[in-house]
Amino acid sequence: MPVSFLSAEQRSRYGVFNAVPDIAQLGAFFHLDADDRRRAMAANGARNQLGWSVQLGTARFLNCFLDDPEDVPAAVVD
């Protein structure tokens with residue numbers, strides 16, 4: 001995605017968690033409905049299921065994927 005029109009500060013803040021999401025944001029972006037849970041459970045192993053779920057919520061919240069999928073706040077994983 002082209003980001004050349006953004007300032008340096010905006011570029012540094014794009015596509016990362018700049019703060020821990022609050023309760024309302026966690027509920028809105030990271031809550032998994034029955035269909036989401038079914039898809040997550042299709043992944044092999046608990047680690048992949050958690051990873052799939054976190055990636056889905058991150059894509060919803062940031063509108064992109066993280067460069068390092070493990071770079072999420074603990075509140076998101078919890």
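Residues numbered from 1 in each chain as written. Predicted model: local features only at pLDDT ≥ 70, side-chain atom pairs only at ≥ 80, totals over all residues. Heavy atoms only, no water.

S.K.: Could you give me a rundown of the environment of Phe30, with the residues and numbers involved?
M.R.: Mapped onto the secondary structure, Phe30 falls in helix H2 (residues 23-30). Taking the relative accessible area as the measure of exposure, Phe30 reaches 14% and is therefore buried. For the pair Phe30 and Val77, spaced 47 residues apart in sequence, the C-alpha separation works out to 9.5 Å. The contact partners of Phe30, leaving out residues within four places of it in the chain, are Phe17, Pro21, Gln25, Val54, Gly57, Thr58, Phe61 and Val76. (Helix = DSSP H or I, 4+ residues; strand = E, 2+ residues; numbered from the N terminus. Buried < 20%, exposed > 50% of the residue type's maximum accessible area, 1.4 Å probe, protein only. Contact = heavy atoms within 4.5 Å.)

S.K.: How would you sum up the pattern of salt bridges? Please name residues and give values.
M.R.: Taken as a whole and assessed by the stated rule, the structure comprises 4 salt bridges. A salt bridge links Asp35 to Arg38, with the shortest nitrogen-to-oxygen separation between them at 2.4 Å. Taken as a pair, Asp35 and Arg38 lie in helix H3 (residues 34-41) at a separation of 3 residues, close to a single helical turn. Judged by relative accessible area, which is 52%, Arg38 ranks as exposed. Here Asp36 and Arg60 are joined by a salt bridge, their closest N and O atoms 2.6 Å apart. Of this pair, Asp36 sits in helix H3 while Arg60 is found in helix H4 (residues 46-62), placing the two residues 24 residues apart along the sequence. Arg60 sits in the partly exposed class, given a relative accessible area of 30%. A single network of salt bridges, built from pairs that share partners, joins Asp35, Arg38 and Arg39. (Salt bridge = Lys/Arg side-chain N within 4 Å of Asp/Glu carboxyl O.)

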